[in-house]
Amino acid sequence: TTVPGAASECQLAFIIPPEDEEWIPDSMRELQSMLSNKLVLNVVSKTGGVDQVSLSSNGNDVATHLLSSGLVEFEKQKNRNRYGTLMSQYETAMNEARKNRRNRFQY
């Protein structure tokens, strides 16, 4: 439950931002382009008081889009039974980016 009008800190579940600063502007631009649509946020877990969320924009999972574009990576979770579907979706998206040499995987 949330308080109307209140904000709380959250981050995309299991997503690792680009280590190379060269890709941060592209990642941010792509993320911002998706935030102008209708958003649906689901809390997946909580780490250190921060909600780990999945975010959908017009029915498209934001993290999956960023992963398949080769702009971010994800951190595999040990509890695959709990997050199996999400992990499989993320893994498939990142493998697609690698295979097609998108953005960070172009070399």
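A brief look at the structure comes next. In this text the structure is predicted, and so the values were computed from the model without any measurement.

Structural notes on the overall build of the protein
At step 1: What the protein contains, in helices and strands, is three helices and six strands.
At step 2: Listed by position from the N terminus, the elements making up the protein come as β-β-α-β-β-β-α-β-α.
At step 3: The C-alpha radius of gyration of the protein comes to 14 Å, within 12% of the 13 Å expected for a compact globule of 107 residues.
At step 4: Expressed as a percentage of the 107 residues in the protein, the buried residues total 35%.
At step 5: Put simply, 61% of the contacts in the protein that link residues at least 6 apart link residues at least 24 apart.
At step 6: Carbon and sulfur atoms make up 47% of the accessible area of the protein, which totals about 7,100 Å².

Regarding the pattern of salt bridges
Two side chains that carry opposite charge are able to pair once their charged atoms sit near each other.
At step 1: Summed over all chains, the structure comprises four salt bridges.
At step 2: The residue Arg 29 makes a salt bridge to Asp 26 at a minimum N-O spacing of 2.5 Å. Residue Arg 29 and its partner Asp 26 are both found in helix α1 (residues 24-34); the two are separated by three residues, about one turn of the helix.
At step 3: The partner of Arg 102 in a salt bridge is Glu 96, and the shortest N-O contact between them spans 2.8 Å.
At step 4: A relative accessible area of 27% means that Arg 102 is categorised as partly exposed.
At step 5: You can call Glu 96 partly exposed: its relative accessible area is 34%.

As for the pairing of strand β3 (residues 39-47)
At step 1: Where β3 meets strand β4 (residues 50-57), eight bridges bridge the pair, whose relative direction is antiparallel. Bridge assignment links Val 40 to a residue of β4, and that residue is Ser 56.
At step 2: Counting the residues in the hairpin turn of β3 and β4 gives two residues, including Gly 48, whose phi is positive at 55 degrees.

Side note on the environment of Glu 96
At step 1: By secondary structure assignment, the location of Glu 96 is in helix α3 (residues 80-99).
At step 2: Linking Glu 96 and Leu 67, residues 29 residues apart in sequence, is a C-alpha distance of 8.6 Å.
At step 3: Here the side chain of Glu 96 touches Arg 102 through a polar contact of 2.8 Å, side chain to side chain.

What about the side chain of Ser 57?
At step 1: Positionally, Ser 57 belongs in strand β4.
At step 2: Taking relative accessible area as the criterion, Ser 57 reaches 2% and is therefore assigned buried.
At step 3: A distance of 2.6 Å separates the side chain of Ser 57 from the backbone oxygen of Met 34, its partner in a polar contact.
At step 4: If we ignore the near neighbours within four places in the chain, the residues touching Ser 57 are Met 34, Asn 37, Lys 38, Leu 39 and Val 62.

Here is what the cut-offs are and how they apply
- Residues numbered from 1 in each chain as written.
- Predicted model: local features only at pLDDT ≥ 70, side-chain atom pairs only at ≥ 80, totals over all residues.
- Heavy atoms only, no water.
- Helix = DSSP H or I, 4+ residues; strand = E, 2+ residues; numbered from the N terminus.
- Rg over C-alpha atoms; globule rule 2.2 N^0.38 Å.
- Buried < 20%, exposed > 50% of the residue type's maximum accessible area, 1.4 Å probe, protein only.
- Contact = heavy atoms within 4.5 Å.
- Areas by Shrake-Rupley, 256 points an atom, 1.4 Å probe, with all protein chains shown as cover.
- Salt bridge = Lys/Arg side-chain N within 4 Å of Asp/Glu carboxyl O.
- Pairing = 2+ DSSP bridges.
- Polar contact = N/O pair within 3.5 Å; in protein donor to acceptor, adjacent residues only side chain to side chain.

Note that all results are geometric; they support no functional claim without further evidence.
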